[in-house]
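Structural overview
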Amino acid sequence: MPILSPIGLYIFLLGLATGLTVLTLTAYRRASPPWLRWLLIALGGFTTTRYLTMALFVITAPLERLVVLRPCWLASMVGLTIPSVFAVDQLVKHPAMSAKRLLRWLSPLLVAYAVIILFANFTSRFDPLIGWTLHLSPGWRWVAAGVQTVFVTGFLGLCVTLMLQRPSRRIWLALLGLVVSHGYLSLDGILVAMGGWYVRPFLYSEILTLLALWYAYETAASPNRS
């Protein structure tokens, strides 16, 4: 039985991540209010451009033609984090919280993400396992790591606190999925920022997070949340 080459596996994982992003869109369509639904769908569409851009870098040369797509490389930074926060809100549905209030609280994080995505410097590098890739310059890499650390610390703390309140089994599992996936995602990010070894390509943690998002929104929209 033939075994996929490293680049073949990479292309397969990019296709899988793209498909799972589309799957999350089917769950986002059930979110409320309507403006949140469209925001989530827009973020999901933006996330899809990350995987398409990564595929283009494998099959297209010269890379200079793809410089306009560099912001798409970081789409998951906002496309996985912001929907995760709203997923918790959709799951818990606390009467003292609203989607608009939560969006106002998230505005500093959104500004930080926008600055990184729009203005960060990149360097291109050839990886013998997956071909050409983009990497944030060292300074911007640490800025991104700092922003993500703030997010992950607060997000995981919130999820664990809600889990300790013993919600229904399905909601508890949805929160656990978000905790595990973002913990894995942050571990990958730390290793990349420090220049250490990590399980390549940087897609397994994103695939797990996409699955966790899909399950969380499906659970939140389900009439049977017990």
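Look above for the structure.
Residues numbered from 1 in each chain as written. Predicted model: local features only at pLDDT ≥ 70, side-chain atom pairs only at ≥ 80, totals over all residues. Heavy atoms only, no water.

So, on to the overall build of the protein chain. Counting its regular elements, the protein chain contains eight helices and two strands. Looking at the protein chain alone, contacts between residues at least 24 apart form 70% of all its contacts between residues at least 6 apart. Carbon together with sulfur atoms contributes 72% to the accessible area of the protein chain, which is approximately 11400 Å² in total. (Helix = DSSP H or I, 4+ residues; strand = E, 2+ residues; numbered from the N terminus. Contact = heavy atoms within 4.5 Å. Areas by Shrake-Rupley, 256 points an atom, 1.4 Å probe, with all protein chains shown as cover.)

The next thing to look at is the pattern of salt bridges. Tallied over the entire structure, the rule returns two salt bridges. Linking R30 and E218 is a salt bridge whose minimum nitrogen-to-oxygen distance equals 2.7 Å. Here R30, found in the loop between α1 (6–28) and α2 (34–59), pairs with E218, found in helix α8 (residues 204–221); they are 188 residues apart in sequence, far enough to count as distant. Of the residues examined, R30 reaches a relative accessible area of 38% and is grouped as partly exposed. A salt bridge links R50 to E206; the nearest nitrogen and oxygen atoms lie 2.8 Å apart. Of the two residues, R50 sits in helix α2 while E206 sits in helix α8, which places them 156 residues apart along the sequence. (Salt bridge = Lys/Arg side-chain N within 4 Å of Asp/Glu carboxyl O. Buried < 20%, exposed > 50% of the residue type's maximum accessible area, 1.4 Å probe, protein only.)

The next point concerns unusual backbone geometry. Here S32 and P33 are connected by a cis peptide whose omega angle stands at 5°. With respect to the element layout, P33 can be found in the loop between α1 and α2. With a phi close to 50°, K93 is a non-glycine residue in the positive phi region. For K93, the position within the fold is in the loop between α4 (81–92) and α5 (99–119). You will see that R166, though not glycine, has its phi angle at about 55°, which is positive. On the secondary structure map, R166 appears in the loop between α6 (138–164) and α7 (169–193). Look at R166 and you get exposed, because its relative accessible area is 74%.

Take the packing of aromatic side chains next. For the structure shown, the criterion picks out four aromatic pairs. With centroids separated by 6.5 Å and ring planes inclined at 85°, the aromatic side chains of W35 and F86 adopt a geometry described as edge-to-face. In this pair, W35 is assigned in helix α2 and F86 in helix α4, connecting sequence segments 51 residues apart. On the accessibility criterion, W35 (28% relative accessible area) is partly exposed. (Phe/Tyr/Trp six-rings, centres within 6.5 Å; stacked < 30°, edge-to-face > 60°.)

Membership of the largest hydrophobic core comes to 59 residues, with the highest contact counts inside it found for I82, F86, Y113, L175, L178 and Y217. Examining the composition of this core, we find that eight residues originate from one element, α6, more than from any other. When near neighbours in sequence (up to four residues on either side) are disregarded, I82 contacts L43, L106, L109, L110 and Y113. (Core = buried A, V, L, I, M, F, W, Y, C linked by side-chain atoms within 4.5 Å.)

Our next topic: a nonpolar patch on the surface. Side chains of V111, V115, L118 and F119 sit close together on the surface and give an oily, nonpolar patch of about 400 Å² of accessible area. As for its position among the elements, V111 is in helix α5. Given the relative accessible area of 54%, V111 is considered exposed. (Patch = residues over 30% accessible without salt bridge, like charges linked within 9 Å, V, L, I, M, F, W, Y side chains within 5 Å.)

Moving on, we come to α1. Between its first and last C-alpha, α1 extends 33 Å over 23 residues, near the 33 Å set by a 1.5 Å rise per residue. Three or more residues of α1 are buried, namely Y10, L13, L14, A17, T18, L20, T21, T24, A27 and Y28. Its buried side turned inward, α1 meets α2, α3 (75–79), α4 and α8. (Expected span 1.5 Å × (residues − 1).)

Below, the discussion takes up the pairing of strand β1 (residues 122–127). With six bridges joining them, β1 and strand β2 (residues 131–136) adopt antiparallel strand pairing. Along β2, the bridge assignment pairs S124 with L134. Counted between consecutive antiparallel strands, the loop separating β1 from β2 contains three residues. (Pairing = 2+ DSSP bridges.)

With respect to the helices, strands and loops of the structure, T53 is situated in helix α2. Here the side chain of T53 touches T49 through a polar contact of 2.7 Å, landing on its backbone oxygen. Among all residues touching T53, those that are not within four sequence positions of it are L69, C72 and W73. (Polar contact = N/O pair within 3.5 Å; in protein donor to acceptor, adjacent residues only side chain to side chain.)

Packing of α5 against α6 leaves a shortest axis separation of 11 Å and a crossing angle of 160°. One way to sum up the angle between α5 and α6 is to call them roughly antiparallel. For the element pair α5 and α6, the recorded crossing hand is left-handed. Across the interface between the two elements, L109, A112, Y113, V115, I116 and F119 of α5 pack against W140, V143, A144, V147, Q148 and F151 of α6. Of the residues contributing to the contact of α5 with α6, the split by class is 11 nonpolar, one polar and no charged. (Axes fitted to C-alpha atoms, helices over the stretch in contact; angles between N-to-C directions. Parallel < 35°, antiparallel > 145°, perpendicular 65-115°, else oblique. Left-handed = near helix turned anticlockwise from the far one by under 90°. Nonpolar A, V, L, I, M, F, W, Y, C, P; charged D, E, K, R; others polar.)

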